[in-house]
Amino acid sequence: MKIFAREVLRALKKARAMKPKRTILCVDDNEQSLSIRKVMLETRGYRVLAYSDAQQALNRFTQGGVDLVLTDLVMPGIDGSKLVQSVKGLSPETPAILLSGKVKIYERETGADIFLAKGMYAPADLLERIRLLLVRKRGPKRAHARSQVPPAPTPYRVASA
């Protein structure tokens, strides 16, 4: 039992030392699609806030802590386009991805960074686009200050007399 407790404590310390997870606000009125997307993102290390109602999602967004919004286009009440416009009005730097299973090409200006037609992309493509948008939001990684090692001293030569 003590060994198990030590392993759990070690795992908790390791988890705390890891970088904080990025938070994705995921919105879709289709519960099955929402659930699949949530599991896919969580298995890749993201924290997912899943909502089937855009108004509730917008209310949650106003509380802060959201790094990216991933939303369906066609939903009852507030549609994905209006949700993205509201998000961008509150936080223009927050990346947003708009998805649709009913619309294959979307020409209207939404403010979304990316529009994807459901079924027209592989899950790996979505994950890569999310990663790139989050990198763009964060900015390039800063180079860690490396300790400067002084150059090795030049060997002394003894002049022969």
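About the criteria used
Residues numbered from 1 in each chain as written. Predicted model: local features only at pLDDT ≥ 70, side-chain atom pairs only at ≥ 80, totals over all residues. Heavy atoms only, no water. Pairing = 2+ DSSP bridges. Helix = DSSP H or I, 4+ residues; strand = E, 2+ residues; numbered from the N terminus. Axes fitted to C-alpha atoms, helices over the stretch in contact; angles between N-to-C directions. Buried < 20%, exposed > 50% of the residue type's maximum accessible area, 1.4 Å probe, protein only. Contact = heavy atoms within 4.5 Å.

(A) Looking closely at the sheet that holds strand β4 (residues 96-100). Strand order in the open sheet formed by five strands is β2-β1-β3-β4-β5, with parallel pairing between adjacent strands. Looking at strand neighbours, the two that pair on one side only are β2 (47-51) and β5 (114-117), the edges of this open sheet. Strand-to-strand, the axes of this sheet are offset by a mean angle of 20 degrees, without reference to chain direction. Here β4 runs beside β5; their pairing, made up of four bridges, is parallel. From the neighbouring strand, leucine 99 faces β5, where its bridge partner is leucine 116.

(B) Structural context of the environment of isoleucine 130. For isoleucine 130, the location among the structural elements is in helix α5 (residues 123-138). A residue is classified by how much of its surface remains accessible, and isoleucine 130, at 0% relative accessible area, is buried. A C-alpha to C-alpha distance of 7.9 Å links isoleucine 130 and leucine 68, two positions 62 residues apart in sequence. Sequence-distant contacts of isoleucine 130, defined by excluding residues within four places in its chain, comprise Ile24, Leu41, Tyr46, Leu68, Leu70 and Ile97.

Geometry only, nothing functional implied.
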